[in-house]
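Listed below are the residues making up each chain.
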Amino acid sequence: MLPAFKVQLSILCILIVLALTWNIQGGEMGYNSFGNILFYGLGMYICASVQVGMFFPLSEWTESGGEKTFVHSPTQFFQGMAFGLLAAAIIPTMVAGLIGYAILGLRGHYFAICTLGLGVAAGEISGGIEIIGAGQGFTTPPFPETGNLESRGQFFYFLSFLVLVLTFVAVKSVYSTRFKLVLNAIRDNEDKAEAMGIQTMKYKIIGWMISAFFCGLAGGIMGGLVGYIDSTDVAFDGREMGVFMVLMAILGGKGTLWGPVIGATLFHLFKEGFWTYFLGWQYVALGVLIVVIVIYFPEGLMGWLREKYPERFGEVVDEADRKAQVELK
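This structure is a prediction, so every number in the text was calculated from the model and none was measured. (Residues numbered from 1 in each chain as written. Predicted model: local features only at pLDDT ≥ 70, side-chain atom pairs only at ≥ 80, totals over all residues. Heavy atoms only, no water.)

(A) The overall build of the protein chain, seen in detail. For the protein chain, the count of helices and strands is 15 helices and 2 strands. Here the C-alpha radius of gyration of the protein chain, 21 Å, is about what a compact globule of 329 residues would show, namely 20 Å. C-alpha atoms of the protein chain, sized along the principal axes, occupy 80 × 45 × 35 Å. The burial tally for the protein chain puts 48% of its 329 residues in the buried class. Look at the contacts in the protein chain between residues 6 or more apart in sequence, and 78% of them connect residues 24 or more apart. Summed over its atoms, the accessible surface of the protein chain is roughly 16500 Å², and 66% of this surface lies on carbon and sulfur atoms. Computed over 20 positive and 25 negative side-chain charges, the inter-centroid distance for the protein chain is 8 Å. (Helix = DSSP H or I, 4+ residues; strand = E, 2+ residues; numbered from the N terminus. Rg over C-alpha atoms; globule rule 2.2 N^0.38 Å. Buried < 20%, exposed > 50% of the residue type's maximum accessible area, 1.4 Å probe, protein only. Contact = heavy atoms within 4.5 Å. Areas by Shrake-Rupley, 256 points an atom, 1.4 Å probe, with all protein chains shown as cover. Lys, Arg positive; Asp, Glu negative; His and termini not counted. Charge placed at Lys NZ, Arg CZ, Asp CG, Glu CD.)

(B) Quick peek at the packing of aromatic side chains. Tallying each qualifying case throughout the model produces 20 aromatic pairs. With centroids separated by 6.2 Å and ring planes inclined at 25 degrees, the aromatic side chains of phenylalanine 270 and phenylalanine 274 adopt a geometry described as stacked. Within this pair, phenylalanine 270 and its partner phenylalanine 274 are both found in helix 12 (residues 259–277), separated by 4 residues, close to a single helical turn. According to the relative accessible area criterion, phenylalanine 270 is partly exposed, its value standing at 37%. Exposure remark for phenylalanine 274: the relative accessible area of 12% places this residue in the buried category. By the ring-pair criterion, three or more aromatic residues cluster together here, those being Phe77, Phe78, Phe143, Phe155 and Phe156. The cationic tip of lysine 271 hangs over the ring face of tryptophan 275; the distance from NZ or CZ to the ring centre is 5.8 Å. (Phe/Tyr/Trp six-rings, centres within 6.5 Å; stacked < 30°, edge-to-face > 60°. Lys NZ or Arg CZ within 6 Å of the ring centre and 35° of its normal.)

(C) Spatial organisation of the pattern of salt bridges. Under the counting rule described, the total for this entry stands at 7 salt bridges. Ionic pairing is found between arginine 107 and glutamate 194, a salt bridge with its closest N-O pair at 3.9 Å. Of the two residues, arginine 107 is situated in the loop between helix 5 (74–103) and helix 6 (108–126) and glutamate 194 in helix 8 (residues 178–195); the sequence distance between them amounts to 87 residues. A relative accessible area of 38% means that glutamate 194 is categorised as partly exposed. Linked by salt bridges that have partners in common, Arg107, Glu190, Asp191, Glu194 and Lys204 make up one network. (Salt bridge = Lys/Arg side-chain N within 4 Å of Asp/Glu carboxyl O.)

(D) Structural view of the packing of helix 5 against helix 9 (residues 200–226). Between helix 5 and helix 9, whose axes approach to 7 Å, the crossing angle comes to 150 degrees. For helix 5 against helix 9, the interelement crossing comes out right-handed. Contacts between helix 5 and helix 9 pair Leu85, Ala88, Ala89, Pro92, Thr93, Ala96, Gly97, Ile99, Gly100, Tyr101 and Ile103 from the former with Met201, Ile205, Trp208, Met209, Ala212, Phe213, Gly216, Leu217, Gly220 and Ile221 from the latter. Split into classes, the residues belonging to the contact of helix 5 with helix 9 amount to 16 nonpolar, 5 polar and no charged. (Axes fitted to C-alpha atoms, helices over the stretch in contact; angles between N-to-C directions. Left-handed = near helix turned anticlockwise from the far one by under 90°. Nonpolar A, V, L, I, M, F, W, Y, C, P; charged D, E, K, R; others polar.)

(E) Up close: a nonpolar patch on the surface. The grouping of Tyr277, Phe278, Trp281, Val284, Val288, Val291, Val292, Val294, Ile295 and Tyr296 at the surface amounts to a nonpolar patch, some 1100 Å² of accessible area in total. In this structure, valine 288 sits in helix 13 (residues 282–296). Residue valine 288 is classed as partly exposed on the basis of its relative accessible area, which comes to 47%. (Patch = residues over 30% accessible without salt bridge, like charges linked within 9 Å, V, L, I, M, F, W, Y side chains within 5 Å.)

(F) Region of the structure containing the packing of helix 1 (residues 6–29) against helix 11 (residues 238–252). For the pair helix 1 and helix 11, interaxial distance at closest approach is 8 Å and the crossing angle is 70 degrees. In terms of orientation, helix 1 and helix 11 fall into the roughly perpendicular class. Every residue of helix 11 that contacts helix 1 at Leu15, Leu18, Ala19 and Trp22 is listed here: Met241, Met245, Val246, Met248 and Ala249. When its residues are assigned to classes, the contact of helix 1 with helix 11 shows 9 nonpolar, no polar and no charged. (Parallel < 35°, antiparallel > 145°, perpendicular 65-115°, else oblique.)

(G) Up close: the side chain of serine 10. Relative to the helices and strands, serine 10 is located in helix 1. The exposure class assigned to serine 10 is buried, which follows from its relative accessible area of 1%. Reaching out from serine 10, the side chain makes a polar contact with the backbone oxygen of lysine 6 at a distance of 2.7 Å. Sequence-distant contacts of serine 10, defined by excluding residues within four places in its chain, comprise Gly153, Phe156, Tyr157, Ser160 and Leu225. (Polar contact = N/O pair within 3.5 Å; in protein donor to acceptor, adjacent residues only side chain to side chain.)

(H) Inspection of the state of the cysteines at higher detail. Per the stated rule, a full pass over the model turns up 0 disulfides. In this model cysteine 13 remains outside any disulfide bridge; the closest cysteine sulfur is found in cysteine 215, 15 Å from its own. Here cysteine 215 is not cross-linked by a disulfide; its sulfur's nearest cysteine counterpart is in cysteine 47, at 15 Å. (Disulfide = S-S within 2.5 Å.)

These results come straight from atomic positions and should not be treated as a statement about function.
Have a look at this one:
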């Protein structure tokens, strides 16, 4: 579909994955996190480092411009990508489990501010590690010469779409179990949920680990797609990508399954339109979009549609009772 826009569609798939995973905390659990950018950036660096380190000295790659000195064969590239993505999913999941015990005891804006600092700290720390390029950045292995100029775009297009499908199926499966009800109980009244015997900390950590798993995958793919990783402007860019995760879920309707998908799609269309037709004013236009979302669509498009057309969502509306309530007011 739309073969001339393979790169943009690949980025769209990644954005949908990020919105779906953020929605687990922000929508279902009620913990508005800005820290998912940590797992996204870790996935980038881990995938690229494994892809290089499996076949060449990583320090020499970053020191001497390894993308020119060393060349991956097609077999090396795809094997490295497979193992790199596996590591990019597992390691951020473990990190989420470890730091979850430390910060998931915080609530409300205290938790949000703490998670905001995670991305900033990770960007500064990675900017000082020489083996991954430090401040000069990390160039990911270039796509091997396969005789077809379209091969690179097609590869990342189908890879990102596959990860999107896996993420959607996994999230949908989780939402169809008791786990979703527990997250909703934490969102609605965590103290009452604890009083009823629910181990809220365990479920909060598990939810964050699920998000970290797919965020790491998304970051690994995006690193290969972009071709260059910078510690603060690409990998741990909390000012843009970290905020975009939140906005996409809110725009579509957080706490719903399809809301993040719709929100990410619309947001990507708006963003690319702003960068195309309002270059130089794109951040002003994006700021206006944020204000419109917060004021006119606080529950997102799905929430607005559910309120306006409740019967379309399986809700039975008693018009007589509704009119009676209106008259009483």
